[in-house]
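Examining the three-dimensional arrangement
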Amino acid sequence: GQSLEQPSEVTAVEGAIVQINCTYQTSGFYGLSWYQQHDGGAPTFLSYNALDGLEETGRFSSFLSRSDSYGYLLLQELQMKDSASYFCAVRSPDNYGQNFVFGPGTRLSVLP
Amino acid sequence: DTGVSQDPRHKITKRGQNVTFRCDPISEHNRLYWYRQTLGQGPEFLTYFQNEAQLEKSRLLSDRFSAERPKGSFSTLEIQRTEQGDSAMYLCASSSSSGSTQYFGPGTRLLVL
């Protein structure tokens with residue numbers, strides 16, 4: 001089977017830095033994705049890590065350690081508009097490499 | 001707007017009725033996915049198409065659910081004899097051949113009374 005764990009909620013203030021962790025258990029692994037979803041909206045792609053290390057895209061960075069089955073999303077210089085749910089998703093070799101299993105999501109609240 | 005559209009955006013139906021949803025992916029994307037999402041949960045995989053071929057269907061998907069993608073363009077998801085437990089957001093996503101980035105549509109929110 002496949003399972004992912006994320007904290008259910010995280011709260012931080014504007015301008016701060018926050019890290020959202022994701023641990024996974026899968027029978028196979030191609031990569032780890034992160035998506036942002038605002039209330040009532042659709043998930044929006046943020047990043048994808050196939051190899052160990054840090055990927056940086058503007059204020060957002062994502063890290064992967066395949067040996068630890070662990071990754072995190074780092075959000076810097078938090079803004080009110082970053083208040084949303086964040087999902088990690090594992091891409092596995094199942095389904096012709098198109099199996100994406102999503103975590104339960106972390107709700108981020110950014111306070112003024 | 002990701003370029004993926006879904007119709008309708010909202011659907012209210014009575015238990016036992018059939019419903020059909022449509023998804024128009026980004027035109028050059030050959031991969032199309034359907035997901036179901038309930039409140040407070042992540043998207044749950046339902047089925048996947050590469051071009052017109054339905055390559056995978058979740059074991060969790062009952063026989064009341066069927067999906068098509070004629071000519072490898074738009075896709076439809078039909079739910080027959082709806083049940084209250086089918087109430088959820090139904091999301092469609094598409095991706096190119098590299099497959100690592102999925103672009104989601106706005107979803108169809110279904111309420112079964």
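Rules and cut-offs
Residues numbered from 1 in each chain as written. Chains lettered and ligands numbered in written order. Predicted model: local features only at pLDDT ≥ 70, side-chain atom pairs only at ≥ 80, totals over all residues. Heavy atoms only, no water. Pairing = 2+ DSSP bridges. Helix = DSSP H or I, 4+ residues; strand = E, 2+ residues; numbered from the N terminus. Axes fitted to C-alpha atoms, helices over the stretch in contact; angles between N-to-C directions. Salt bridge = Lys/Arg side-chain N within 4 Å of Asp/Glu carboxyl O. Buried < 20%, exposed > 50% of the residue type's maximum accessible area, 1.4 Å probe, protein only. Patch = residues over 30% accessible without salt bridge, like charges linked within 9 Å, V, L, I, M, F, W, Y side chains within 5 Å. Areas by Shrake-Rupley, 256 points an atom, 1.4 Å probe, with all protein chains shown as cover. Contact = heavy atoms within 4.5 Å. Buried area = accessible area lost by both parts, 1.4 Å probe. Polar contact = N/O pair within 3.5 Å; in protein donor to acceptor, adjacent residues only side chain to side chain. Core = buried A, V, L, I, M, F, W, Y, C linked by side-chain atoms within 4.5 Å. Disulfide = S-S within 2.5 Å.

1. Remarks on the sheet that holds strand β8 (residues 70-75) of chain A
Across a sheet, strands are paired by hydrogen bonds formed along the backbone, either parallel or antiparallel in direction. All names here are of chain A. Across the sheet, 5 strands lie side by side as β1-β3-β8-β7-β6; this open sheet has antiparallel pairing. In this open sheet, the two strands that pair with only one neighbour each are β1 (3-5) and β6 (53-57). The average angle at which neighbouring strand axes cross in this sheet is 20°, direction not considered. Sheet topology places strand β3 (residues 18-25) next to β8; 6 bridges connect them, and they run antiparallel. Among the inter-strand pairings, T23 is bridged to a residue of β8, identified as Y70.

2. As for the pattern of salt bridges
All names here are of chain A. All chains considered together, the criterion is met by 6 salt bridges over all chains. In this structure, R107 and D39 form a salt bridge, with 2.7 Å as the shortest nitrogen-oxygen distance. Note that R107 is positioned in strand β11 (residues 106-111) and D39 in the loop between β4 (31-37) and β5 (44-49), a separation of 68 residues in sequence. For D39, a relative accessible area of 57% corresponds to the exposed category.

3. Some details on the pairing of strand β4 (residues 31-37) of chain B
All names here are of chain B. When you tally the buried positions in β4, you get 7 out of 7 residues, the bulk of the element. Burial along β4 is two-sided: R31, Y33, Y35 and Q37 facing one way and L32, W34 and R36 facing the other are all buried. In this structure, β4 lies alongside strand β5 (residues 44-50), joined through 6 bridges in antiparallel fashion. Note that in β5 the partner of W34 across the bridge is T47. Following β4, the chain reverses through 6 residues before pairing antiparallel with β5; G40 in that reversal takes a positive phi of roughly 80°. In the sheet, β4 pairs with strand β9 (residues 88-95) via 7 bridges, with the strands oriented antiparallel. Paired with Q37 across the strands is M89, a residue of β9.

4. Section: a nonpolar patch on the surface
A cluster of nonpolar side chains, contributed by I12(B), L111(B) and L113(B), occupies part of the molecular surface with about 300 Å² of accessible area. Position of L113(B) relative to the elements: it lies in the segment after β11 (108-112).

5. Some points on the interface of chain B and chain A
Taken together, the contacts link 22 residues of chain B with 16 residues of chain A. Surface buried jointly by chain B and chain A totals about 1,600 Å² across both partners, of which 56% is contributed by carbon and sulfur atoms. Between the two partners, chain B and chain A, sit 0 salt bridges. Across the contact surface, chain B and chain A share 2 residue pairs in polar contact (both at pLDDT 80 or more).

6. Examining the nonpolar core
L32(A), W34(A), L75(A), Y86(A) and L108(A) are the most contacted members of the largest nonpolar core, which totals 23 residues. Listing elements by their share of this core, those giving two or more residues are β2 (9-13), β3, β4, β7 (60-65), β8, β9 (84-92) and β11 of chain A. In contact with L75(A), other than residues within four places in its own chain, are A16(A), I17(A), V18(A), I20(A), R59(A), F60(A), Y86(A) and L108(A). Counting residues in each nonpolar core, the second largest holds 19 residues, with I26(B), L32(B), W34(B) and I79(B) among its members.

7. Concerning the state of the cysteines
Taken as a whole and assessed by the stated rule, the structure comprises 2 disulfides over all chains. Through a disulfide, C22(A) is tied to C88(A); the S-S separation comes to 2.1 Å. In this structure the cystine formed by C22(A) and C88(A) twists about its S-S bond by roughly 75°; its chirality is therefore right-handed. In this pair, C22(A) is assigned in strand β3 and C88(A) in strand β9, connecting sequence segments 66 residues apart. Grouping residues by exposure puts C22(A) and C88(A) together as buried. The disulfide bridge from C23(B) ends at C92(B), spanning 1.8 Å between sulfur atoms. Residues C23(B) and C92(B) are joined by a disulfide whose S-S torsion is about -60°; by sign, that bridge is left-handed.

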